[in-house]
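Chain residues, written in single-letter form:
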Amino acid sequence: MNPIKNPYSPGAGAPPPELAGRGELLTLASNSLQRIIRGNYSRSMMMLGLRGVGKTVLLNRIEQKADILECKTAIFEVDPAQTFPAQITKEVHRLLLKLDRRERIGVEVRRAFSILRSFASAFRVSMGELELSLSSEKATGDLTLDLTDLFVAVGKAAKSRGTAVAMFIDEVQDIDKEGLSALIMALHKISQLQLPLIIFSAGLPQLVRLAGNAKTYAERLFVFREIDKLDEHDARSALVEPALLEGVKFSREALDQILKDTDGYPYFLQLWGFHTWKKAEKSPICLSDARNASREAQRELDNGFFRIRLEKLTNRQQMYVRAMAKLGSGSSNSSEVADVLGISVKQAAPIRKEIIDKGIAYSPERGLIAFAVPKFDEYVRRTVPELANK
Ligand SMILES: Nc1ncnc2c1ncn2[C@@H]1O[C@H](COP(=O)(O)OP(=O)(O)OP(=O)(O)O)[C@@H](O)[C@H]1O
Ligand SMILES: [Mg+2]
């Protein structure tokens, strides 16, 4: 079949040809945006899910919607190599420039710029030429207080411009504890003042690393949504609809096989769809096409997606991951993993933390550990021979 017409798009954040199964969530997000534009309050949103389920794609899609609705937007991925204040400074700066597009800079926007400069200087963030003008504001150096002042100023600036601000934060699990807590407390103030600022964030389903007040507020300030693999009906649509647009059909057996192999995980569906299209000679795509493609897709995953992640781990982290895989699919007890390794829970704890920090695993509940990458356990068992016959 014509490779140029292959509709599938396996890749990080690559928009799928058919965004299956996310209609309700997109409606919810759109309603939230429209509410804050009208000056009504709406909770921010936190989308949590495993690797490759489509979180980035959703954030991008909601940002496009916000843009169409004429919200001022900033979208970024948390970068552990930078401090959180540095990233926030850059993004807020960008937002303020967007608010500043009209001829005359308003009082509130000017004030927000000034607060941003003092925020940046308190956290030693370089802002290039903006640093040249001195700020009349004074930041305290306490992230929670200063971020709150900054968000309030941005919210007021947006309000004075008759618009709203939407921030999109990807890989939110990489914000450190202090940053996350400050973000929540800042949103708390925004909600009290009913200012038009909303955050859409996405990340791994980590136990939210928050303590005290911030935690109880988080539950009220955010709508938490689990982004899961697709159910059978939606997984079918994700494969069938894009092909139909090109006049191509799947046999029932081929489709069943792909659904079984991918288990409805969006990234895998795109990858399998892509390879099946490549293997098939004509429509309808048949079972042997699907089987051939499956081998190819599996090889690609093993040599890329999975292997890259395993190779990023140090020896002792790999040992930990192997012990997890040995315990099977789903979540394991951290104490059982330590048992397999023949070390104490206390000795295993730092390794466990490293793996979580690297985004390979997460803790679904206290004392439990699970892979954040779908089917990673199968890969580890497949590629480490001594585990295969456990
Ligand atoms: N609803 C969907 N229907 C079909 N395909 C989808 C859907 N959502 C995402 N995909 C596809 O899944 C793949 C992964 O999407 P995306 O990068 O957004 O996942 P992610 O959850 O952000 O992953 P990671 O945690 O690794 O960043 C992409 O190829 C995308 O096209
Ligand atoms: Mg992503």
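Cut-off values and rules
Residues numbered from 1 in each chain as written. Chains lettered and ligands numbered in written order. Predicted model: local features only at pLDDT ≥ 70, side-chain atom pairs only at ≥ 80, totals over all residues. Heavy atoms only, no water. Near = heavy atom within 4 Å. Polar contact = N/O pair within 3.5 Å; in protein donor to acceptor, adjacent residues only side chain to side chain. Areas by Shrake-Rupley, 256 points an atom, 1.4 Å probe, with all protein chains shown as cover. Helix = DSSP H or I, 4+ residues; strand = E, 2+ residues; numbered from the N terminus. Domains from an automatic or database assignment. Contact = heavy atoms within 4.5 Å. Buried area = accessible area lost by both parts, 1.4 Å probe. Salt bridge = Lys/Arg side-chain N within 4 Å of Asp/Glu carboxyl O. Nonpolar A, V, L, I, M, F, W, Y, C, P; charged D, E, K, R; others polar. Core = buried A, V, L, I, M, F, W, Y, C linked by side-chain atoms within 4.5 Å. Buried < 20%, exposed > 50% of the residue type's maximum accessible area, 1.4 Å probe, protein only. Pairing = 2+ DSSP bridges. Axes fitted to C-alpha atoms, helices over the stretch in contact; angles between N-to-C directions.

Student: Help me understand the site of ligand 1 in this model?
Tutor: Residues in close proximity to ligand 1 total 26 residues, the closest being Ser9, Gly13, Ala14, Lys55 and Thr56. Glu18 places a polar main-chain atom, nitrogen or oxygen, 3.3 Å from a nitrogen atom of ligand 1. Tyr267 places a main-chain nitrogen or oxygen 3.4 Å from an oxygen atom of ligand 1. Alone, ligand 1 offers 640 Å² of accessible surface; in the complex the protein occludes 96% of this. Those elements giving two or more residues to the shell around ligand 1 turn out to be helix H2 (55–68) and helix H10 (266–279). Two domains each put at least three residues into the shell around ligand 1: domain 1 (23–226) and domain 2 (234–309).

Student: Before we go on, may I ask you to explain the domain arrangement of the chain in this structure?
Tutor: Many authors give the size of an interface as the accessible area that is lost as the parts come together. One can read the domain layout of the chain as domain 1 (23–226), domain 2 (234–309) and domain 3 (313–388). On the domain 3 side, the residues contacting the 8 residues of domain 1 number 13 residues. Between domain 1 and domain 3, a total of about 750 Å² is buried, with carbon and sulfur atoms accounting for 60% of that surface. For the pair domain 1 and domain 3, the interface holds 0 salt bridges. For the pair domain 1 and domain 3, the number of links is 1 residue pair in polar contact (both at pLDDT 80 or more). Looking at the side of domain 1 that touches domain 3 residue by residue, the classes come out as 4 nonpolar, 1 polar and 3 charged.

Student: Can you help me understand the nonpolar core in this one?
Tutor: Side chains of nonpolar character tend, in soluble globular proteins, to be buried together. Core analysis: the biggest nonpolar cluster contains 75 residues, and Met47, Phe200, Val321 and Phe376 have the highest contact counts within it. If near-sequence neighbours (up to four positions away) are discounted, Phe200 is found in contact with Ala29, Ser32, Leu33, Met45, Leu59, Ile62, Met167, Phe168 and Ile169. Listed in part, the 52 residues of the second largest apolar core include Val109, Ala157, Ile199 and Leu210.

Student: I tried to follow the pattern of salt bridges on my own but got confused; where do I start?
Tutor: Side-chain pairing between opposite charges can occur once the charged atoms of the two side chains come close. Throughout the structure, instances matching the rule amount to 14 salt bridges. Two residues, Arg299 and Glu296, come together in a salt bridge whose shortest N-O distance is 3.6 Å. Of the two residues, Arg299 and Glu296 both sit in helix H11 (residues 287–311), 3 residues apart, roughly one turn of that helix. We classify Glu296 as partly exposed; its relative accessible area is 24%. Taking the shortest distance from any N to any O, the salt bridge between Glu354 and Arg316 comes out at 2.4 Å. In this pair, Glu354 is assigned in helix H14 (residues 345–357) and Arg316 in helix H12 (residues 315–326), connecting sequence segments 38 residues apart.

Student: What is the right way to read the pairing of strand S1 (residues 44–48) from this model?
Tutor: If a strand is regular, its side chains alternate between the two faces of the sheet. Within S1, 5 of the 5 residues are buried, which leaves the element mostly enclosed by the surrounding structure. What you see with S1 is no split at all: Ser44, Met46 and Leu48 on one side and Met45 and Met47 on the other are buried throughout. With 5 bridges connecting them, S1 and strand S5 (residues 222–226) associate as parallel partners. Residue pairing across strands places Ser44 opposite Phe222, the latter belonging to S5. Sheet topology note: the S1/strand S4 (residues 197–203) ladder contains 4 bridges and is parallel. Across the sheet, Leu48 pairs through a bridge with Gly203, a residue of S4.

Student: Explain the sheet that holds S5 here, please?
Tutor: Strand-to-strand pairing in sheets goes through backbone hydrogen bonds, with the strands running parallel or antiparallel. Here we have 5 strands laid out as an open sheet, ordered S2-S3-S4-S1-S5, and parallel in their pairing. Every other strand in the sheet has two partners, leaving strand S2 (72–77) and S5 as the edge strands with one partner each. Each strand axis lies, on average, 15° off the axis of its neighbour in the sheet, ignoring direction. Of the pairings in the sheet, the one linking strand S3 (residues 165–170) to S4 comprises 5 bridges and is parallel in character. The residue bridging Val165 from the neighbouring strand is Leu197, located in S4. Packing against the sheet, helix H6 (residues 177–193) makes contact with S1, S3, S4 and S5, and its axis sits at approximately 150° to S4. In the packing of helix H7 (residues 212–221) onto the sheet, the strands contacted are S1 and S5, and the crossing angle to S5 comes to about 75°.

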